[in-house]
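Coordinate analysis (summary)
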Amino acid sequence: MEQQLHHEAGNLIDVRGPRFGAAITTVVLAAAIIVQGTVGTVLLAFQFTMFTIAAFAGLRWSPYGNLFKLVRKTFDLGPPPATEPEAPPRFSQLMGFIFTGGGLLSMSLGAVGLGWVLAGIVLALSGLLASTGLCVGCEVYLLGKRVLGAAAR
Amino acid sequence: MDLLLRAAIVGGLLLVTVALGVWWQRRDGRVKAAAEASARRVGGFSGDQLAEVGLDREGAEALGLLLGSPTCAPCEQVKEVLGQIEADRSSFRWAYIDAGDHLALAREHHVMRVPTLFLIDPRDGRILARTSGVPARRDLEEVLDR
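A brief structural summary. (Residues numbered from 1 in each chain as written. Chains lettered and ligands numbered in written order. Predicted model: local features only at pLDDT ≥ 70, side-chain atom pairs only at ≥ 80, totals over all residues.)

**Section: the overall build of chain B**
Short version of the rule: A run of H or I in DSSP becomes a helix once it reaches four residues, and a run of E becomes a strand once it reaches two; helices and strands are each numbered from the N terminus. Each radius of gyration is computed over the set of C-alpha atoms, and the globule rule expresses the reference value as 2.2 Å times the number of residues to the power 0.38. Whether a residue is buried, exposed or partly exposed is read from the other C-beta atoms within 10 Å of its own C-beta, which are placed from the backbone; 20 or more gives buried, 12 or fewer gives exposed, and intermediate counts give partly exposed. Two residues qualify as being in contact provided that their C-beta atoms, derived from the backbone, are within 7 Å of each other.
Looking only at helices and strands, chain B features six helices and five strands. For chain B, the α and β elements follow one another from N to C terminus as α-β-α-α-β-α-β-α-β-β-α. The C-alpha atoms of chain B give 18 Å as radius of gyration, which overshoots the globular expectation for 146 residues (15 Å, by more than 25%). Split into buried and exposed, the 146 residues of chain B put 33% on the buried side. At a minimum sequence separation of 6, the contacts of chain B that also span at least 24 residues come to 75%.

**Side note on the overall build of chain A**
Within chain A one finds seven helices and two strands. Taken from the N to the C terminus, the helices and strands of chain A come in the order α-β-α-α-α-β-α-α-α. On C-alpha atoms alone, chain A measures out to a radius of gyration of 17 Å, which is about the 15 Å that the 2.2 N^0.38 rule sets for 153 residues. When its C-alpha atoms are laid out on the principal axes, chain A stretches across 50 × 45 × 25 Å. Long-range pairs, those at least 24 residues apart, make up 69% of the contacts in chain A between residues at least 6 apart in sequence.

**Description of the interface of chain B and chain A**
Convention followed: The classification used treats Ala, Val, Leu, Ile, Met, Phe, Trp, Tyr, Cys and Pro as nonpolar, Asp, Glu, Lys and Arg as charged, and all other residues, Gly among them, as polar.
Contact residues are listed per partner, giving 28 residues for chain B and 25 residues for chain A. For the side of chain B that touches chain A, the elements supplying multiple residues, two or more each, are helix H1 (2-27), helix H4 (73-88) and helix H5 (103-108) of chain B. Ranked by the residues each element gives to the side of chain B that touches chain A, the list is headed by H1(B), at 12 residues. Each residue belonging to the side of chain B that touches chain A can be placed in one class, and the counts come to 19 nonpolar, six polar and three charged.

**A short note on the nonpolar core**
Note the threshold: Only buried residues count toward a nonpolar core: Ala, Val, Leu, Ile, Met, Phe, Trp, Tyr and Cys, linked into one set through C-beta atoms within 7 Å.
Ile33(A), Ala119(A), Leu123(A), Leu65(B), Leu66(B), Val114(B) and Ile120(B) are the most contacted members of the largest nonpolar core, which has 62 residues in total. Top element by residues in this core is helix H6 (residues 112-132) of chain A. It accounts for 10 residues. Not counting chain neighbours up to four residues away, the residues in contact with Leu65(B) comprise Val53(B), Leu55(B), Trp94(B), Ala95(B), Phe118(B) and Ile120(B).

**Remarks on the packing of H6(A) against H1(B)**
Note the following rule: Angles shown run from 0 to 180 degrees and are taken between the N-to-C directions of axes, each axis being a line fitted to C-alpha atoms and, for helices, limited to the stretch in contact. Between 65 and 115 degrees an angle is taken as roughly perpendicular, under 35 as roughly parallel, over 145 as roughly antiparallel, and anywhere else as oblique. Each crossing is labelled by how the near helix is turned from the far one, with a counterclockwise turn of less than a right angle marking it left-handed and a clockwise turn marking it right-handed.
Where H6(A) contacts H1(B), the axes come no closer than 9 Å and their chain directions differ by 45°. When the axes of H6(A) and H1(B) are compared, the pair comes out oblique. As for the relative orientation of H6(A) and H1(B), their crossing is right-handed in sense. Where H6(A) approaches H1(B), its residues Gly120(A), Leu123(A), Ala124(A), Gly127(A), Leu128(A), Ser131(A) and Thr132(A) are matched on the opposing element by Val10(B), Leu13(B), Leu14(B), Thr17(B), Val18(B), Gly21(B), Val22(B) and Gln25(B). Its residues assigned to classes, the contact of H6(A) with H1(B) comprises eight nonpolar, seven polar and no charged.

**Some words on the pairing of strand E3 (residues 92-98) of chain B**
Residue and element names in this part refer to chain B. Basically, it comes down to this: When DSSP finds two or more bridges between a pair of strands, those strands are recorded as paired. If you view a crossover with the strands going away from you and the path from the first strand over the helix to the second runs clockwise, you call it right-handed.
In this sheet, E3 lies alongside strand E2 (residues 62-68) in parallel orientation, the contact comprising seven bridges. The partner of Leu65 across the bridge, within E3, is Ala95. For the crossover from E2 across H4 to E3, the handedness is right-handed.

**Considering H6(A)**
Put simply, the rule reads: Expected helix span is taken as 1.5 Å per residue step, with the number of steps being one fewer than the number of residues.
Given a rise of 1.5 Å per residue, 21 residues ought to cover 30 Å, and the 30 Å separating the end C-alpha atoms of H6(A) matches this to within 8%. At the exit of H6(A) stands Gly133(A), carrying a positive phi of roughly 75°.

Here's what the structure looks like:
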């Protein structure tokens, strides 16, 4: 069955999964930005690792995604209200990877403030996803394509 | 003190983004009828543009053109709505294009985000309506019945 889904439309996932993950991300990043210091940086690095796994190994390896599956099973949340292809949320994870990675990098180069600003952008977007389910990738897709197109010229 | 200040900033940031998100979502899927759609921009789709996106207007009474992206979940929902309408009306034809592959077309029609859907009159390429986000099936059918 899973094999069949894979052939037909890539991996299909429960739409609630990414929002659940975004809620945890929001809490982790909010805590990181509030406490900052060593603990904050460790939290940010932890979140960066979560993004890295989900973006590069795929959502089936995502720790938050698997936590959601466990919660769904334990509390019997029932079948998915809808499924969606894996690509869009995986793209968001890649964005998270880039921004938190950029944040950690700028901190290591001494630009601590910039690092937390980048973390704040991811915080805002994950809070948005968790609360509204908005497709941020859809909003920035054309802008990104235009910028890339202009840069290539 | 610093801790409290940062907590307030984080809380404020979340509040503002969520409020903006809710406002944005409310506008989503609203069908802008022809007058409103064309007041914002000139003209409609030329025959060349319809050919570019692979829409055959021969024998069609209404056309749909959906601009989307590969990483766009709502686009799939719009496709589903269009498929349902198509199953009901043999005179309705639609096409999907990756907006990133048709940047000139997207720019000419001021498409800023995906999914954006155009309902087009096949006779003259006039835009009957446009929507961003996921429109309700009955709202689109209302336009087609006009």
